[in-house]
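# Observations on chain architecture
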Amino acid sequence: MRKGVFLALVAAALWGLTPVATKAALEGFTPEFIGFVRLAVATVLFWLAAGRRTPWFLADPWIWLAGAGLGADFLLYNYGVERTAANVAGLVVNIELMSTIVLAVYILGERLSSRRVLGGGVTLAGVLIVTADGLRLSDLTGIEWSVFAVAQRRAQIGGGLFQRLTPIFSVATLVMLPAMLRREAWGVRGGVLPVVMFAILTIFGTNAVYWIYGRAQELIEVSVLSILLCAIPVFAVVLAYIFLNERLTVQSFVGGAVIISGIAVIATEKTRAKTII
C-alpha cells in the first residue's frame, strides 16, 4: 500500500508537470502533432521494452476501449491546455476522480471503504478550491482517461506491464491518425523552449509516468489511485508558477493543504477496512 501510494504521488508530480510542458510545447507545435508523436514514441519504446515478439494489436475489446479512451484524452487535453492556463488544466481530476471511481466499482467490482469515501470527499473539495478560479465548462475533461484507466485493468493479457501497454498505445496512436490528416496539424514552428519542453513531455510526461502509473495499479486499487492522483493540481499550480510565471494565490495554498489531508486519509488506510458499497 505504501509503495503504491508513493508511486501514485510520483505519477501525480509528473502529470502536474504535463500541462506546463504542454503549454510551452504548444508555442511551437500543434495539439494534434504533440499528441500523435507522444503516443507513437511511447508505443515503440514500450514494444522494445516488452520484447519484439509482443504484438502491436490484440483482439481483446478492453484493449481497444482503453486505447480509444487514451487517444481521445490526449487530443482533447491538448486542445484544453491550448485554450486555458496550465494551472487550470489540472481541472481534469474534477471529473476524472468521480468517473474513475464509478467505473471501478461497476466494472472492476472494487468496493469502497468509509475511509476512502471520506478521503475522496476531502480531496475533491481541495481540488475545487485550487481550481475554482477561472473554472470553465470547457476545462472539465477526463472521462476518456477514466475509460482508459479502468479498461486497461480489465484487459486479459499475459506477461508484464509493457506487454499490456504496447497494444493499448498502438490503438491510441491509431485513434489519433484521423486528426493528423488535417494539413494544419503538421504546422511546426519549432523554437528552443518548445522543443525542449516537447522532449520532456514525451519522455517524462508519457513514457515514464505511464509506466509508473501502471506499476501503481498493480499495487493498489484503481479507485484509491484516482483519489491519490488528485494531487496533480497542486503540482500543476506550483510548476506553472515556477516555469510559466502564472499567479500563485492563497486559495492555491489552502486547496493544496486540503488535498494533502484527503490523500493522508487514504494513505493511512489499513488493508482490511469496512466497506460501504
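Since the model is a prediction, treat every value here as computed from it, not as a measurement. (Residues numbered from 1 in each chain as written. Predicted model: local features only at pLDDT ≥ 70, side-chain atom pairs only at ≥ 80, totals over all residues. Heavy atoms only, no water.)

Now for the nonpolar core. Formed by 56 residues in total, the largest nonpolar core has its most connected members in W15, L70, W145, F148 and Y210. Only α1 (2-25), α2 (31-50), α3 (61-82), α6 (143-154), α7 (161-176), α8 (192-217) and α9 (222-228) provide two or more residues apiece to this core. Per element, the largest residue contribution to this core is 10 residues, and it comes from α1. Setting aside chain neighbours within four positions, we find L70 in contact with L39, E144, W145, F148, I168, F169, A172 and Y210. (Core = buried A, V, L, I, M, F, W, Y, C linked by side-chain atoms within 4.5 Å. Buried < 20%, exposed > 50% of the residue type's maximum accessible area, 1.4 Å probe, protein only. Helix = DSSP H or I, 4+ residues; strand = E, 2+ residues; numbered from the N terminus. Contact = heavy atoms within 4.5 Å.)

Following the criterion strictly, the structure yields 12 aromatic pairs and no others. Ring plane angle 85 degrees and centroid distance 5.2 Å describe the contact between W15 and Y210, whose orientation is recorded as edge-to-face. Residue W15 is found in helix α1, and its partner Y210 is found in helix α8; the two are separated by 195 residues along the sequence. The residues W15 and Y210 share a single accessibility class, namely buried. Seen from their ring centres, F33 and W186 are 6.0 Å apart, and the 70 degrees between their planes marks the pair as edge-to-face. Here F33 is found in helix α2, whereas its partner W186 is found in the loop between α7 and α8, with 153 residues between them in sequence. The structure contains a cluster of three or more aromatic residues connected by ring pairs, namely W15, F46, F74, F162, F169, Y210 and Y213. (Phe/Tyr/Trp six-rings, centres within 6.5 Å; stacked < 30°, edge-to-face > 60°.)

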